[in-house]
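Structure at a glance
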Amino acid sequence: MLVINARQVRELLPMKEAIEADKKAFLLHSAGQTEVPVRLGFDIPGRGSVLFMPAYVKGDVGSVGVKIVSVFPGNLAKGMTSVPAQVLLVDCETGVVNALMDGSEVTRVRTGAISGAATDILARYDASVGALFGTGGQAPAQLEAMLCARTLKEVRIFDLLPERIAPFIESNGELAEKYGAKLVAARSSDEAVDSADVITTVTTAKTPVFDGTRVKLGAHVNGVGSFLPTSRELDEKLLSRARVFVDNREAVLAEAGDFLIPAAGGAYDLNAIAGEIGDVLAGKLAGRTSDDEITVLKTVGFAVLDVVAARTIYENAVATGAGSEIDL
Ligand SMILES: NC(=O)c1ccc[n+]([C@@H]2O[C@H](COP(=O)([O-])OP(=O)(O)OC[C@H]3O[C@@H](n4cnc5c(N)ncnc54)[C@H](O)[C@@H]3O)[C@@H](O)[C@H]2O)c1
């Protein structure tokens, strides 16, 4: 079994390749070539919860994998991550587990790549100004994905905690420079959104993070953060002005308050969701239909993305001799 640590995951799956891996996952999902059972979870009283996210991806030789991700808030006091994760990959020729890798890094890169793929497919080609809401653990990959998908000259950074913005710009400025972009601190959500062409929200907010009426015609928005029926980042004003896509309709309609909250109040019709991004890639559904259209991708993520990313990482590791082989 090959063990692949976080640093190796980062090296083995650069963002551009991760975007292509996510597109492949979306296409296979659209073609009915995936099986994703409901995730299984255990609550550990007083400590946290452990979730199992399995998927079977058909096509080629096939891939089966499971991400084990836990939420243990008390870990922070021990100087540990509160959301530890690992991915196990099973060889579909033999049924043997052939790889164990850092799941937090797989999550970060495949989640950034969701927005990267959606921006690549839906944003206007002449997009030049980005806006990023949130400067937490997921944010650097979201920034890189945005920069990979379009040639942006400026990305405005906004966080509810203003003291987080300057350190984020400090530690990600060099990355942005490599793509020819400048990071700029936004003093308000309005300042971040006004005239932005690509907007990504990756926050832990429970209520909308910007005013949807201010979004410029022709802009593209990636909603990444919210994943509970009671939380949302995007408001119904934005959704009702936009052509709206999702990564996985079933998962989003079970989890995303962005839709469920306004739908419950009669302010949004769930039938207005155009469809899944994989169907756009497969040519079954139109993506952007005019230069003035606002497009939105709402994602909550699903295990197929983890398995396709993990498979790509494993193949790259085998090809380059990376990782540590262990005998069980
Ligand atoms: N769609 C997916 O597949 C997927 C995958 C992984 C994580 N996520 C979600 O992404 C979100 C962010 O994850 P993270 O690890 O970066 O979290 P984090 O806790 O490290 O950072 C969250 C950031 O959001 C900021 N924030 C909160 N409310 C805000 C607001 N109203 N405006 C601007 N900034 C605000 C916080 O100050 C913080 O800097 C979480 O909700 C997580 O569950 C989604």
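Owing to the predicted nature of the structure, the values given are computational and were not obtained by experimental measurement.

1. Some points on the overall build of the protein
When you go through the protein residue by residue, the secondary structure sums to eleven helices and 16 strands. A compact globule built from 328 residues should have a C-alpha radius of gyration of about 20 Å, and the protein, at 19 Å, falls within 12% of that. Of all 328 residues assigned to the protein, the portion counted as buried reaches 48%. For the protein, the proportion of contacts with a sequence separation of at least 24, taken over those separated by at least 6, is 71%.

2. Concerning the site of the ligand
The full set close to the ligand counts 25 residues, and G136, G137, Q138, T203 and G301 are the nearest of them. Here the residues of the shell around the ligand are counted per class, giving eleven nonpolar, twelve polar and two charged.

3. Quick notes on the domain arrangement of the protein
On domain assignment, one finds that the protein holds domain 1 (2-106 + 304-325) and domain 2 (115-301). Each side of the interface is counted separately: domain 1 has eleven residues, and domain 2 has 15 residues. No other element matches helix α2 (residues 15-30), which puts nine residues into the side of domain 1 that touches domain 2. Here the side of domain 1 that touches domain 2 is built from residues that sort into six nonpolar, two polar and three charged.

4. Quick look at the environment of I169
Mapped onto the fold, I169 is located in helix α5 (residues 165-178). Separated by 29 residues in the primary sequence, I169 and P140 have C-alpha atoms spaced 9.9 Å apart. Not counting chain neighbours up to four residues away, the residues in contact with I169 comprise I157, L183 and A185.

5. Things to note about the sheet that holds strand β11 (residues 198-201)
Taken together, the eight strands give an open sheet; going across it, the order is β10-β9-β8-β11-β12-β15-β13-β14, and neighbouring strands pair in parallel fashion. Of all strands in the sheet, those with a lone pairing partner are β10 (182-185) and β14 (275-276), marking the two edges. With four bridges joining them, strand β8 (residues 129-133) and β11 adopt parallel strand pairing. Within the sheet, the bridge partner assigned to L132 lies in β11 and is T200. Running over the sheet, α5 touches β9 (154-158) and β10 and is turned about 170° from β10.

6. Things to note about α2
Because each turn of an α-helix spans 3.6 residues, side chains separated by three or four positions end up pointing in the same direction. Over its 16 residues, α2 extends 22 Å from the first C-alpha to the last, a length consistent with the 22 Å expected when each residue adds 1.5 Å. In terms of residue burial, α2 counts as a mostly covered element, since twelve of its 16 residues are buried. Residue G32 follows α2 closely and has a positive phi angle near 70°.

7. So, the nonpolar core
Grouped together as the largest cluster of nonpolar side chains are 95 residues, with contacts concentrated most on V155, V296, V304, A309, A310 and I313. Among the elements that make up this core, the one with the highest residue count is helix α11 (residues 303-320) (ten residues). Residue-level mapping places this core at the junction of two domains, with at least three residues from each of domain 1 (2-106 + 304-325) and domain 2 (115-301). With residues up to four places along the chain from it excluded, the contact list for A310 reads G65, V87, L89, A99, M101 and V106.

8. Points about the environment of V318
Along the chain, V318 turns up in helix α11. Put simply, V318 and L2 are 316 residues apart on the chain and 8.7 Å apart in space, counted from C-alpha to C-alpha.

9. Here's the deal with the packing of α2 against helix α4 (residues 139-149)
Put simply, α2 and α4 touch, their axes get as near as 10 Å, and they point 85° apart. Our classification of the angle between α2 and α4 gives roughly perpendicular. Between α2 and α4, the contacting residues are M15, K16 and I19 on the first element and E144, A145 and C148 on the second. Taken together, the residues of the contact of α2 with α4 break down into four nonpolar, no polar and two charged.

10. So, the environment of F72
Within the secondary structure layout, F72 lies in the loop between β5 (63-71) and β6 (85-91). Residues F72 and S128, spaced 56 residues apart in sequence, show a C-alpha to C-alpha distance of 40 Å. Setting aside residues no more than four positions away along its own chain, F72 makes contact with R47, G48 and S82.

11. Focus: the pairing of β9
With respect to burial, β9 is a largely interior element, four of its five residues being buried. Where β8 and β9 come together, five bridges link them in parallel fashion. Residue pairing for β9: G130 is matched across the bridge by V155. Where the polypeptide runs from β8 across α4 and back to β9, its parallel neighbour, the crossover connection is right-handed. Both β9 and β10 contribute to a ladder of four bridges, which runs parallel.

The rules we used
- Residues numbered from 1 in each chain as written.
- Predicted model: local features only at pLDDT ≥ 70, side-chain atom pairs only at ≥ 80, totals over all residues.
- Helix = DSSP H or I, 4+ residues; strand = E, 2+ residues; numbered from the N terminus.
- Rg over C-alpha atoms; globule rule 2.2 N^0.38 Å.
- Buried ≥ 20, exposed ≤ 12 C-beta atoms within 10 Å, placed from the backbone.
- Contact = placed C-beta atoms within 7 Å.
- Near = placed C-beta within 6 Å.
- Nonpolar A, V, L, I, M, F, W, Y, C, P; charged D, E, K, R; others polar.
- Domains from an automatic or database assignment.
- Pairing = 2+ DSSP bridges.
- Axes fitted to C-alpha atoms, helices over the stretch in contact; angles between N-to-C directions.
- Expected span 1.5 Å × (residues − 1).
- Core = buried A, V, L, I, M, F, W, Y, C linked by C-beta atoms within 7 Å.
- Parallel < 35°, antiparallel > 145°, perpendicular 65-115°, else oblique.
- Right-handed = clockwise from strand over helix to strand, strands pointing away.

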